[in-house]
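# Structure at a glance
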Amino acid sequence: MGRFLFPNEYYTSTYAIDFNHIYRLGYRGLLFDIDNTLVPHDAMTDERSRALLESLRRKGFSICFVSNNHEPRVADFVKELHVEGLPDPQYVFLAHKPMAQGYIKGIQKMRLRRSKVLFIGDQLFTDIWGANNAKLPSILVQPVAKETKFKIKLKRILEKPVIWFYLKKHALKG
């Protein structure tokens, strides 16, 4: 059942992931979705997202955001993450997830080998399917906030059986 939609791991939140463990596993690059992975849809950074992303950059992770959104939304989000002395995160806008090209472009921007990169997102039909198309390990997280957009609400309904099958064999973490 839809194994191409299965993530490697599933967490209650991006903020519940043990990034020290991820670093020990050898990952050095993190590709993130933005909306409902780090902040509610169309929200800018908040204290929690800024603290997490700054901490990850201080640990030595390269970060790139891969979003289906338009450039102004993604660029404005990234601009709020500027910290003197730390490399600014990269981004890919209009990534056309679940196509692999946006993920590959993100890897290239970070100048890392694919084996050193992990993707984190909240949607199966765009984020996880795309990471699998790009042959990247992925973490699915539960959405930060309740959906307000009809199209995404519909996708959430369609995701439920896939998540149910996933959870029959794997644990929800965090």
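In this text the structure is predicted, and so the values were computed from the model without any measurement.

### Points about the side chain of Arg 156
When you line up the elements, Arg 156 lands in helix 6 (residues 150-169). Of the residues examined, Arg 156 reaches a relative accessible area of 13% and is grouped as buried. Within polar-contact distance, the side chain of Arg 156 engages the side chain of Glu 159 at 3.1 Å. In contact with Arg 156, not counting residues within four places along its chain, are Asn 36, Asp 122, Gln 123, Pro 143 and Glu 147.

### Some points on helix 3 (residues 71-79)
By the burial criterion, the buried members of helix 3 are Arg 73, Val 74, Ala 75, Phe 77 and Val 78. Contacts made by the buried residues of helix 3 are with strand 3 (62-66) and strand 4 (90-92).

### Concerning the packing of aromatic side chains
Taken as a whole and assessed by the stated rule, the structure comprises 11 aromatic pairs. Aromatic pair Phe 6 and Tyr 166: ring centres 5.4 Å apart, planes at 80°, arrangement edge-to-face. Here Phe 6, found in the segment before strand 1 (9-11), pairs with Tyr 166, found in helix 6; they are 160 residues apart in sequence, far enough to count as distant. The same class applies to Phe 6 as to Tyr 166, namely buried. Where Trp 164 meets Phe 165, the ring centres are 4.9 Å apart and the plane angle is 85°; that geometry is what we call edge-to-face. By relative accessible area, which is 33% here, Phe 165 ends up partly exposed. One aromatic cluster is present, built from ring pairs that chain together Phe 19, Tyr 23, Phe 32, Phe 61, Phe 65 and Phe 77. Arg 48 extends its terminal NZ or CZ atom over the ring of Tyr 15, reaching a point 3.8 Å from the ring centre.

### Regarding the side chain of Gln 123
Within the secondary structure layout, Gln 123 lies in the loop between strand 5 (117-121) and helix 5 (124-133). For Gln 123, a relative accessible area of 7% translates into the label buried. Residues contacting Gln 123, with those up to four places away along its chain left out, are Ile 128, Leu 140, Ile 152, Lys 155, Arg 156 and Glu 159.

Calculation rules
Residues numbered from 1 in each chain as written. Predicted model: local features only at pLDDT ≥ 70, side-chain atom pairs only at ≥ 80, totals over all residues. Heavy atoms only, no water. Helix = DSSP H or I, 4+ residues; strand = E, 2+ residues; numbered from the N terminus. Buried < 20%, exposed > 50% of the residue type's maximum accessible area, 1.4 Å probe, protein only. Polar contact = N/O pair within 3.5 Å; in protein donor to acceptor, adjacent residues only side chain to side chain. Contact = heavy atoms within 4.5 Å. Phe/Tyr/Trp six-rings, centres within 6.5 Å; stacked < 30°, edge-to-face > 60°. Lys NZ or Arg CZ within 6 Å of the ring centre and 35° of its normal.

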